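# Architecture and fold: a report
What follows is each chain in one-letter form.
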Amino acid sequence: MLVMVVDSSTPAVTAALVRVDELAVTVVAERVTVDGKAHGELLAPQIHAVLAEGEVAPGDLAAVVAGTGPGPFTGLRAGMVTAAALAHALDVPVYGVCSLDGIGHPLPGRVLVATDARRKEIYWSVHHDGTRVTDPAVDKPAAVAAAIAAGEVPAVDGAAGDGAGKYADVLGLPVLPLLYPSARALAELAADRVLSKAPSEALVPLYLRRPDAVAPGERKPALR
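A quick note: this is a predicted structure, and the numbers were derived from the prediction, not measured.

Helix and strand counts for the protein chain stand at 7 helices and 10 strands. Rg of the C-alpha trace for the protein chain: 19 Å, near the compact-globule value of 17 Å for 224 residues, within the 12% margin. If one aligns the C-alpha atoms of the protein chain with their principal axes, the spans along those axes are about 65 × 50 × 30 Å. Burial analysis of the protein chain (224 residues in total) assigns 49% to the buried set. Counting only contacts in the protein chain whose residues sit at least 6 apart along the sequence, the fraction spanning at least 24 positions is 63%. Approximately 11,100 Å² of the protein chain is accessible, and the part contributed by carbon and sulfur atoms is 56%. Considering the protein chain, the positive charge centre built from 19 side chains and the negative charge centre built from 25 side chains are found 11 Å apart.

Tracing the chain through its elements places Lys197 in the segment after helix H7 (183–195). Judged by relative accessible area, Lys197 falls into the exposed class, the value being 65%. Along the primary structure Lys197 and Ala52 are separated by 145 residues, whereas in three dimensions their C-alpha atoms are 25 Å apart.

The next subject is the side chain of Asp101. Following the sequence through the fold, Asp101 ends up in helix H3 (residues 101–104). For Asp101, a relative accessible area of 13% gives the class buried.

Contact geometry of helix H1 (residues 39–53) with helix H2 (residues 73–90) gives a least axis separation of 9 Å together with a crossing angle of 30 degrees. One way to sum up the angle between H1 and H2 is to call them roughly parallel. Along this stretch, H1 crosses H2, giving a crossing that reads as right-handed. The residues of H2 that touch H1, namely those facing His39, Gly40, Leu43 and Ile47, are Gly75, Ala78, Gly79 and Thr82. Class assignment of the residues belonging to the contact of H1 with H2 gives a composition of 3 nonpolar, 5 polar and no charged.

As for its placement among the helices and strands, Glu121 is situated in strand S7 (residues 121–128). For Glu121, a relative accessible area of 18% translates into the label buried.

A few words on the pairing of strand S5 (residues 94–97). The two faces of S5 match: Val94 and Gly96 on one face and Tyr95 and Val97 on the other face are all buried. Between strand S4 (residues 61–67) and its parallel partner S5, the chain crosses via H2, and the hand of that crossover is right-handed.

Moving on, we come to helix H4 (residues 141–149). Taken residue by residue, H4 has Pro141, Val144, Ala145, Ala147 and Ile148 as its buried positions. In a view along the axis of H4, the buried residues occupy a sector of 160 degrees, so they form one face of it. Each element contacted by the buried residues of H4 is listed here: strand S6 (110–118), S7, strand S9 (137–139) and helix H6 (168–171). Downstream of H4 by one or two residues, Gly151 has phi in the positive range, about 75 degrees.

All right, on to the sheet that holds S4 then. Spatially, S3-S2-S1-S4-S5 is the arrangement adopted by the 5 strands of the open sheet, whose pairing is mixed. Lying at the two open borders of the sheet, with one neighbouring strand each, are strand S3 (25–34) and S5. Taking each pair of neighbouring strands and ignoring which way they run, the sheet shows an average axis angle of 20 degrees. Pairing geometry for strand S1 (residues 2–7) and strand S2 (residues 12–20), over 6 bridges, is antiparallel. Residue pairing for S2: Asp7 is matched across the bridge by Thr14. H7 rests against S1, S2, S3, S4 and S5 of the sheet, and its axis sits at about 130 degrees to S5.

Cut-offs and rules
Residue numbers here run from 1 along each chain, matching the order of that chain's written sequence. Residues qualify for local features only when their pLDDT is at least 70, as the model is predicted, and side-chain atom pairs are given and counted only at 80 or more; totals for whole chains, interfaces and linings, by contrast, use all residues. Only heavy atoms go into the side-chain values, all of them from the structure, while hydrogens and water stay out. Under the DSSP-based scheme used, a helix requires at least four consecutive residues in state H or I and a strand at least two consecutive residues in state E, with every element numbered from the N terminus. It is over C-alpha atoms that the radius of gyration is taken, and the globule rule equals 2.2 Å times the number of residues to the power 0.38. Relative accessibility under 20% of the residue-type maximum defines a buried residue, over 50% an exposed one, and the middle range a partly exposed one, all with a 1.4 Å probe and only protein chains included. We call two residues contacting when some pair of their heavy atoms lies within 4.5 Å. Note on areas: Shrake-Rupley with a 1.4 Å probe; residue coverage comes only from the protein chains shown. In this tally, Asp and Glu contribute negative charge and Lys and Arg positive charge; neither His nor the terminal groups of the chain are included. By convention, charge coordinates are those of NZ in Lys, CZ in Arg, CG in Asp, or CD in Glu. Orientation is described by axes fitted as lines to C-alpha atoms, over the contacting stretch for helices, and by angles from 0 to 180 degrees between their N-to-C directions. Oblique is the label for any angle not covered by the other classes, which are roughly parallel (under 35 degrees), roughly antiparallel (over 145) and roughly perpendicular (65 to 115). The hand of a helix crossing depends on one turn: near helix anticlockwise from the far one by less than a right angle means left-handed, and clockwise means right-handed. Under the convention adopted here, Pro, Cys and the residues Ala, Val, Leu, Ile, Met, Phe, Trp and Tyr are nonpolar, Asp, Glu, Lys and Arg are charged, and Gly plus all remaining residues are polar. Crossover handedness is defined here as right-handed if the route from the first strand over the helix to the second strand goes clockwise, with the strands pointing away from the viewer. In this description, one arc is meant: the one made by directions from the helix axis to the C-beta atoms. Only strands joined by at least two bridges in the DSSP assignment are considered to pair.

Purely spatial values, then, with no claim about function.
Below you can see the structure in the form of C-alpha cells.
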C-alpha cells in the first residue's frame, strides 16, 4: 500500500512516499528541506516531487500519515492542513502520529527527545526502546535537566532532536545524531492502521501552548 507521509513540526519540512506491507515499511522517495520559515511554500512541491520520482499518481495512494507535533503553530498547521486536504481530495484515510515519536521510535535505550520550541524552550518526551513513556511537554531545558536529576522523569542515556543539540550544554546529555522526525518511523507507527484500513482520524495538533501571534487590541480613538 502506498502512503504519503508529511511532517512540518520542526524546521525540517518532510514529504515522503512509502510502501507499507506486512513485512516492512519502505521509503520509495523522500524530500526533506530544513527551512523553518517556508513550510507552506515547500510542502506541496515536495509532495509532487516524490510522486513523480516514484512514478505514482495521487490516486494510487492508500492513505496519508501526518506528524501532529508538538511544534510551533504556523509550521505545524501547514503540514496538517496539507495532509487533511490531500486525504479529503483523494477520499483516503489520514492518520496522525506524534512527531516526537518520529525521532524516538528508531532509537534503542532510554532517550530524551527534544525539539526546538523557540522562546528558549523545548518540546520533549522520554522514550524507552522506541516507545514513548512520558506525555509530550514544553519546558525550559534547565527545568527538564533538573527533573531528570531529581528522578521526577525517567533517567535517560542520551538525547536526540534539534532541541537536544541546541541545548546540549544545559541538558548535559550525549547527543544522538537524529535531529528531525523520520518519515519511515512515522509510517511504521501508523502501519497497523494503514494495513487494517482503519477509519480516517481527525488530526489533532499538539500545540502545547498558545500561538505567538495575538489578536490586536481595541483601537484607540485618534481624538479625545
